[in-house]
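Chain by chain, the residues:
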Amino acid sequence: MERKSRMTEEKKINIDQAEEQEAVKTETAECVTEDSEGNEDVETSENADEVAESADESGEASEKKAQPEEDGETKYLRLMAEFQNYKKRVAKEKTDIRSYANERIVTELLEVLDNFERALASETTAEAEGYAQGMKLIFDQFLGVLTKSGLEEVKALGEDFDPNMHNAVMTADSEEYDSNKVCNVLQKGYTLNGKVIRPSMVTVAK
């Protein structure tokens, strides 16, 4: 009896083990099925992205094909126009450099010019007449060199007051000049190649 009961217990144990193994196999199969379904979803989304990218690339390619390519003659004309604009720009820059390269030194020489004029305007004796004439010749030569460099005197006396050309330091009553006219020049103004480097210091009629 004891032997039969032992055999019965062993059979029950074997049956229980077999049932557990079947349950593990079932769970494993279900997990594999779920993973395969998830992979299929991922692959489907990746395929959709690839299709969208290929569609975008094909769209860009069609747009590029739709744009007409620049032919050789058009490209040549465009490059020639750009080169001509470049030459003009460089020529203008060189002209500006030559025109205003001496602006600083000419501006400083204006004080020397003013002192020359003051000296020549002063009264001289008969003994110093020859000396004054020599100074006048030197002044004319000096002014001629500056004029060749592009220096010009600003017209002021009797002209309408222009704030771009004149610096009004005072106003005064004048019987000779109308209102807003320059009636007296206190210091001459000058331009260099058309650019005002020193405005005239003037008195304006009321």
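For the structure itself, look to the data block above.
Keep in mind that this is a model prediction, so the values were computed, not measured.

(A) Broad picture of the overall build of the protein chain. From N to C terminus, the protein chain includes four helices and six strands. Along the protein chain, helices and strands appear, N-terminal first, in the series α-α-α-α-β-β-β-β-β-β. Among the 206 residues that make up the protein chain, the fraction classed as buried is 14%. Contacts in the protein chain between residues far apart in sequence, at least 24 positions, make up 62% of those at least 6 positions apart. If you sum the accessible surface of the protein chain, you get close to 16,600 Å²; carbon and sulfur atoms cover 51% of it.

(B) Representation of the sheet that holds strand E3 (residues 182-187) within the structure. Ordered by their spatial adjacency, three strands build an open sheet running E2-E6-E3, and the pairing between neighbours is mixed. Edge strands, defined here as strands with exactly one partner in the open sheet, are strand E2 (166-172) and E3. Ignoring strand direction, the axes of neighbouring strands in this sheet form an average angle of 30°.

(C) Examining the side chain of Thr191 more closely. Mapping Thr191 onto the fold places it in strand E4 (residues 190-192). On the basis of relative accessible area, Thr191 is assigned to the buried category, the value being 9%. In this structure, Thr191 is in contact with Gly150, Leu151, Glu152, Val154, Met165, Val196 and Ile197, ignoring residues within four places of it in sequence.

(D) Molecular detail of the layout of surface pockets. Taken as a whole, the largest pocket spans an internal volume of roughly 150 Å³. Forming the walls of the largest pocket are Ala119, Leu120, Ser122, Thr124, Ala128, Glu129, Tyr131, Ala132, Gln133, Met135 and Lys136. For the lining of the largest pocket, the secondary structure elements donating two or more residues are helix H3 (103-121) and helix H4 (129-148). Looking at the lining of the largest pocket element by element, the count peaks at six residues for H4. The residue makeup of the lining of the largest pocket, split by class, is six nonpolar, three polar and two charged.

(E) Structural context of the pattern of salt bridges. Evaluated as defined, the whole model comprises eight salt bridges. With a closest N to O distance of 3.3 Å, Lys195 and Glu103 form a salt bridge. Here Glu103 lies in helix H3 and Lys195 lies in strand E5 (residues 195-198), a separation of 92 residues in the sequence. For Arg198, the salt bridge goes to Asp114, with nearest N and O atoms at 2.9 Å.

(F) Region of interest: the pairing of strand E6 (residues 200-205). Of all six residues in E6, five are buried, a share of seventy percent or more. Where E2 meets E6, six bridges bridge the pair, whose relative direction is parallel. Residue Thr171 lies in a different strand from E6, and its bridge partner there is Val204. Looking at chain direction, E3 and E6 are connected through four bridges and run antiparallel. Pairing of Asn184 across the sheet is with Thr203, part of E6.

(G) Structural detail: the sheet that holds E4. Across the sheet, three strands lie side by side as E1-E4-E5; this open sheet has antiparallel pairing. Strand pairing shows two members of the sheet lacking a second neighbour, strand E1 (151-153) and E5, which therefore form its edges. Adjacent strand axes in the sheet meet at a mean angle of 35° when their direction is disregarded. Pairing of E4 with E5 involves three bridges; the strand directions are antiparallel. Paired with Tyr190 across the strands is Arg198, a residue of E5. On the sheet, H3 packs against E1, E4 and E5 and is oriented at approximately 55° with respect to E5.

Rules behind the numbers
Residues numbered from 1 in each chain as written. Predicted model: local features only at pLDDT ≥ 70, side-chain atom pairs only at ≥ 80, totals over all residues. Heavy atoms only, no water. Helix = DSSP H or I, 4+ residues; strand = E, 2+ residues; numbered from the N terminus. Buried < 20%, exposed > 50% of the residue type's maximum accessible area, 1.4 Å probe, protein only. Contact = heavy atoms within 4.5 Å. Areas by Shrake-Rupley, 256 points an atom, 1.4 Å probe, with all protein chains shown as cover. Pairing = 2+ DSSP bridges. Axes fitted to C-alpha atoms, helices over the stretch in contact; angles between N-to-C directions. 1 Å grid on protein atoms, 1.4 Å probe; cavity = no way out; pocket = protein on both sides within 12 Å on 5 of 7 lines; lining within 4 Å. Points joined across faces, edges and corners; volume = space filled by probe spheres on them. Nonpolar A, V, L, I, M, F, W, Y, C, P; charged D, E, K, R; others polar. Salt bridge = Lys/Arg side-chain N within 4 Å of Asp/Glu carboxyl O.

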